[in-house]
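Chain by chain, the residues:
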Amino acid sequence: MSLQHYSVTRFSKAARVAAILGALCVILLISAPWWAGRAEMRLLGELFLYLALASLWNLMAGYAGLVSVGQQAFVGFGGYMLFALTMFGGLHPFAAIALAGVLGALVSVPVAVLIFRLRGAYFAIGTWVIAEVFRLGFAQVSALGGGSGSSLPMAIVKSLASKRDMREALSYWLALGAAVLVVTCVYLFLRSRQGLALTAIRDNELAAKSLGIDIWRTKFTVYVVTSALTAMIGALIFLQKLRISPDAAFSVNDWTAFVIFIVVIGGIGTIEGPIIGTLVFFALRETLADLGTIYLIVLGIVAIVVMLKAPKGIWGLIRTRFDLQLFPLGYRVIAPKDDKEA
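Just so we're clear, the structure is a prediction, and the values are computed from it rather than from any experiment. (Residues numbered from 1 in each chain as written. Predicted model: local features only at pLDDT ≥ 70, side-chain atom pairs only at ≥ 80, totals over all residues. Heavy atoms only, no water.)

Our focus in this paragraph is the side chain of Thr226. Summarising the element assignment, Thr226 is placed in helix α10 (residues 215–241). For Thr226, the side chain forms a polar contact with the main-chain oxygen of Val222, separated by 2.8 Å. Setting aside anything within four residues of it in sequence, one finds Thr226 in contact with Leu56, Leu59 and Met60. (Helix = DSSP H or I, 4+ residues; strand = E, 2+ residues; numbered from the N terminus. Polar contact = N/O pair within 3.5 Å; in protein donor to acceptor, adjacent residues only side chain to side chain. Contact = heavy atoms within 4.5 Å.)

Written as structure tokens, this is what we have:
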């Protein structure tokens, strides 16, 4: 059989089916304000925002090797920028969310220049220190409530919509849109030339450097982009909460520890992993949240068991066993049926 009978493609039957089901699922979720209650919409909105945060952290840690434990710095920064720009800048919340992303990117540049001098565990500790500096800094801003925080004025809240039901639906759609946007952007980025370079860096940094890939610039780009998007997600989070304080905005537990848990159990270094991890995390949280500290103990046990039994996460286990890839990034060589039968 000649080489002409072989084909090279990125897609598979499973990926096409997943794309169709995903599109139908998004359409169904868009219509949620007409069939779901307020509690369900708030839960789904929170799930979407965590999915977005997990996908961004996974892009940094799973592909760029930037294991940050301080991404709460940009979550809190985005939340505070939303409050500052709407309360003192007179901007509409939508414009404030977009501008929070731009400001997050600008702030991340000097932060990256500083912490990129560190490696490994020192880099992780450095990101946490930066987040603490952010927290302590915003706690000194009396105009935004200082250490006790501040609430979003009702006039700004009503600028979104006059009726409460419409405001809640709008907030839900923004969270859904943010999750879809982030997952799509990550997927398209990883399929681009820069994404290929990033994958090469993840697999073998020394070999990638020998091929002419600018490792520092590639990682720098990823850090700035993820920081900007994380700031926008932070703005959306506190637009839903309508109140912000330093401890809530820069909580390492809420915005980093849980996100790392999601990525690790789902499958780091994959697009599907954060999706599965988010679903598992919220299933555990809604089932065990009333148990108090036992809930956190169970999360720890689940994380340990998954890391021991499936180091590549739940999705890594599924992909290995069934050879599935719902978000294909690499190329596949398809052999003729005759060759397969032979």
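The discussion continues.
In the predicted model, the protein chain carries a mean pLDDT of 89, and 93% of its residues have values of at least 70. When the elements of the protein chain are averaged for pLDDT, helix α16 (residues 337–341) gives the smallest value, 45, and helix α3 (residues 72–87) the largest, 96. In this model, residues 338–342 is a region of pLDDT below 50 whose contacts with residues beyond four sequence positions or in other chains number four contacts. (pLDDT = per-residue confidence, 0-100.)

What follows covers the nonpolar core. Counting residues in hydrophobic clusters, the biggest one holds 94 residues, and the most contacted among them are Leu190, Tyr223 and Ile233. Per-element accounting of this core gives the leading share, 15 residues, to helix α2 (residues 38–63). Residues contacting Leu190, with those up to four places away along its chain left out, are Leu59, Tyr63, Gly195, Leu196, Leu198, Ile271 and Leu329. Judged by nonpolar contacts, the second largest core, of five residues, contains Ala197, Ile201, Ala208 and Ile213. (Core = buried A, V, L, I, M, F, W, Y, C linked by side-chain atoms within 4.5 Å. Buried < 20%, exposed > 50% of the residue type's maximum accessible area, 1.4 Å probe, protein only.)

When the terminal C-alpha atoms of α2 are compared, their 37 Å separation across 26 residues agrees well with the 38 Å that a helix rising 1.5 Å per residue should span. Counting buried positions along α2 yields 19 of 26 residues, so the element is predominantly enclosed. Just downstream of α2 lies Gly65, where phi reads positive at about 75°. (Expected span 1.5 Å × (residues − 1).)

Further remarks concern the pattern of salt bridges. Enumeration over the complete set of coordinates arrives at nine salt bridges. Here Arg42 makes a salt bridge to Glu168, at a shortest N to O gap of 2.8 Å. Taken together, the residues Arg42 in helix α2 and Glu168 in helix α7 (residues 164–191) connect sequence positions 126 residues apart. We classify Arg42 as partly exposed; its relative accessible area is 48%. According to the relative accessible area criterion, Glu168 is buried, its value standing at 16%. Across the pair Glu205 and Lys219 runs a salt bridge, and its minimum N-O distance is 3.2 Å. Here Glu205 is found in helix α9 (residues 205–210), whereas its partner Lys219 is found in helix α10, with 14 residues between them in sequence. Relative accessible area serves as the criterion here: at 14%, Lys219 is assigned to the buried category. One network of salt bridges, with partners in common, ties together Arg38, Arg42, Arg164, Asp165 and Glu168. (Salt bridge = Lys/Arg side-chain N within 4 Å of Asp/Glu carboxyl O.)

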